[in-house]
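The residues making up each chain are set out below.
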Amino acid sequence: MRIPDSRVWIASQWVSVKQDPTISYFGQFNSFPNPEILIGPVRGEIAAMTVIHESLEAASEILDLKMKESEIRCLEHCIAGAIVRSPDLVDWIIKELRKSEDGCKSSTAVVN
């Protein structure tokens, strides 16, 4: 299944997410000229993990965190585990974060 072209909010900016069947690896984050995450031609669950992984890579680069690959992989698996094993909690988190954005007038507002 092809992932939808989308965008994610990372460190106060939008980063586009696209599947690129021409690349021969899982994925990558490019910061220039426009921030984007490219996902290779991988199956669904690998693509989902890669979106999480590359989002963390993007946050690390944009915020100059200098995270190691091992730290990013650890967080990737923790986040994926929480999403899969605690869907009720994830639904609640989404609901609460969306409520906190009610009344924000800007599409670029940061969720507090």
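Whatever comes next refers back to the structure up there.
Bear in mind the structure is a predicted one, so any value in this text is a computation, not a measurement.

Draft legend 1. Examining the layout of surface pockets more closely. Of the voids in this model, the largest pocket is the one considered here, and its volume is about 1200 Å³. Taken together, 27 residues make up the lining of the largest pocket; nearest its centre are V8, W9, I83, I94 and L97. Contributing elements (two or more residues each) for the lining of the largest pocket: β1 (6-10), α1 (44-62), α2 (69-85) and α3 (87-101). Sort the elements by how many residues they give to the lining of the largest pocket and α3 lands first, with seven residues. Of the residues contributing to the lining of the largest pocket, the split by class is 22 nonpolar, three polar and two charged. Empty space within the second largest pocket amounts to approximately 220 Å³. If you go around the second largest pocket, the residues you meet are Y25, F26, G27, I46, M49, T50, H53, E54, E69, R73, E76 and H77.

Draft legend 2. Main features of the packing of aromatic side chains. Going through the model one piece at a time under the given rule, you end up with one aromatic pair. Ring centres of W9 and W14 lie 5.0 Å apart, and the angle between their planes is 65°; this geometry places the pair in the edge-to-face category. Classification of W14 as partly exposed rests on a relative accessible area of 32%. Just above the ring of W14 sits the side chain of R7; from NZ or CZ to the centre is 3.8 Å.

Draft legend 3. The sheet that holds β1, seen in detail. What the four strands build is an open sheet, ordered β1-β2-β4-β3; its pairing is mixed. The open sheet has two free edges, formed respectively by β1 and β3 (27-30), since each of these has just one partner strand. This sheet shows a mean twist of 25° between the axes of neighbouring strands, independent of strand direction. Running over the sheet, α1 touches β1, β2 (13-19), β3 and β4 (36-39) and is turned about 25° from β3.

Here is what the cut-offs are and how they apply
Residues numbered from 1 in each chain as written. Predicted model: local features only at pLDDT ≥ 70, side-chain atom pairs only at ≥ 80, totals over all residues. Heavy atoms only, no water. 1 Å grid on protein atoms, 1.4 Å probe; cavity = no way out; pocket = protein on both sides within 12 Å on 5 of 7 lines; lining within 4 Å. Points joined across faces, edges and corners; volume = space filled by probe spheres on them. Helix = DSSP H or I, 4+ residues; strand = E, 2+ residues; numbered from the N terminus. Nonpolar A, V, L, I, M, F, W, Y, C, P; charged D, E, K, R; others polar. Phe/Tyr/Trp six-rings, centres within 6.5 Å; stacked < 30°, edge-to-face > 60°. Buried < 20%, exposed > 50% of the residue type's maximum accessible area, 1.4 Å probe, protein only. Lys NZ or Arg CZ within 6 Å of the ring centre and 35° of its normal. Pairing = 2+ DSSP bridges. Axes fitted to C-alpha atoms, helices over the stretch in contact; angles between N-to-C directions. Contact = heavy atoms within 4.5 Å.

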